[in-house]
Amino acid sequence: MALDDRRYTAASLPGLRTPHLWLRPWDPESEADAEAWLRGRTDPEFRRWNTPLRFTTDLDTARDQLRASAQTAAEGAAAPYCIADPVTGRPLGHIGVNVINRVMNTARVGYWVLPEARGHGLATRALTLAARWALTDLGLHRLELDHAVGHVSSCHIAERCGFTYEGTLRGAMWEAGRHDAYRDMHLHARLADDPDPDAS
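All of these numbers come straight from a predicted model, not from anything done at the bench.

Engineer: Even after reading the chapter, I still don't get the overall build of the protein, so can you show me in this structure?
Structural biologist: Counting secondary structure elements, the protein contains five helices and eight strands. In sequence order, the protein lays out its α and β elements as β-β-α-α-α-β-β-β-α-β-α-β-β. Computed over its C-alpha atoms, the radius of gyration of the protein comes to 16 Å, within 12% of the 16 Å expected for a compact globule of 200 residues. Projecting the C-alpha coordinates of the protein onto the three principal axes gives extents of approximately 45 × 40 × 35 Å. When the 200 residues of the protein are sorted by exposure, 47% land in the buried category.

Engineer: Would you take a moment to explain the nonpolar core for this structure?
Structural biologist: Most often, soluble globular proteins have nonpolar side chains that are buried together. Counting residues in each nonpolar core, the largest one holds 35 residues, and the members touching the most others are Leu-23, Ile-95 and Val-97. Contributing elements (two or more residues each) for this core: β2 (21-25), β3 (79-84), β4 (91-101), β5 (106-113), α4 (122-135), β6 (142-148) and α5 (152-160). In terms of residue count, α4 provides more of this core than any other element does, 10 residues in total. Within the second largest apolar cluster, 12 residues are counted, among which are Trp-22, Leu-38, Leu-66 and Ala-84.

Engineer: Explain unusual backbone geometry here, please?
Structural biologist: Glycine aside, residues mostly have negative phi angles, and peptide bonds mostly take the trans form. With phi around 50°, Val-99 is a residue other than glycine that occupies positive phi space. Mapped onto the elements of the fold, Val-99 is located in strand β4. Positive phi values are uncommon outside glycine, yet Asn-105 reaches one of about 55°. Tracing the sequence through the fold places Asn-105 in the loop between β4 and β5. Looking at Asn-105, the relative accessible area reads 24%, which means it is partly exposed.

Engineer: How do you make sense of helix α1 (residues 31-42) when you look at a structure like this?
Structural biologist: Since the α-helix packs 3.6 residues into each turn, any two residues three or four apart lie on the same face. Between its terminal C-alpha atoms α1 stretches 16 Å, which fits the 16 Å expected from 12 residues at 1.5 Å a residue. Along α1, the residues that are buried comprise Asp-33, Ala-34, Ala-36, Trp-37, Leu-38, Gly-40 and Arg-41. The elements touched by buried residues of α1 are β2, α2 (44-49), α3 (59-74), β4 and β5. The backbone nitrogen of Ala-32 lies 3.3 Å from a side-chain oxygen of the residue at the head of α1, namely Ser-30.

Rules used throughout
- Residues numbered from 1 in each chain as written.
- Predicted model: local features only at pLDDT ≥ 70, side-chain atom pairs only at ≥ 80, totals over all residues.
- Heavy atoms only, no water.
- Helix = DSSP H or I, 4+ residues; strand = E, 2+ residues; numbered from the N terminus.
- Rg over C-alpha atoms; globule rule 2.2 N^0.38 Å.
- Buried < 20%, exposed > 50% of the residue type's maximum accessible area, 1.4 Å probe, protein only.
- Core = buried A, V, L, I, M, F, W, Y, C linked by side-chain atoms within 4.5 Å.
- Expected span 1.5 Å × (residues − 1).
- Contact = heavy atoms within 4.5 Å.
- Polar contact = N/O pair within 3.5 Å; in protein donor to acceptor, adjacent residues only side chain to side chain.

Fair warning: the whole summary comes from geometry, so function is off the table for now.
Structure, rendered in structure tokens:
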């Protein structure tokens, strides 16, 4: 039997389910969620391709970041989801619909998956589900996805999920582990009226 969705609540942030996937709000008070956030954000593969504004260094910073994430969800500025096992609720990764702009009805999507959950199509399924929700129920017109040049797996996931490659942005993201040097990134995007990748 699936874990009760009512345990995980966030203002205007519904749980999203398929038979094999559950996107639920992160729980800042859950030890398992804080540990998963810390592991995900300190994983060498994550750090190779991503340089967040605030680094995660221990469980306290993980909890603080999850609380801040819940606040942005409550304000309608982002939709941060835990990618979870649909039966146990165990965290497997993260996907966020971020920087929601209600003037232009746009947002940016980003994701990561824990090492033990990689290689099973989890990021593709999570991105498909989150994008479908954002472009229908959330009422967005455009979703952008960017990644560092050279991150081939992210390129493939974006394209499988209907995010068209739009070009290379020069010096548009930080180098790994630094806030004082820059690297190029690829920009992909999907519009609300683009064909659904499952439908094609």
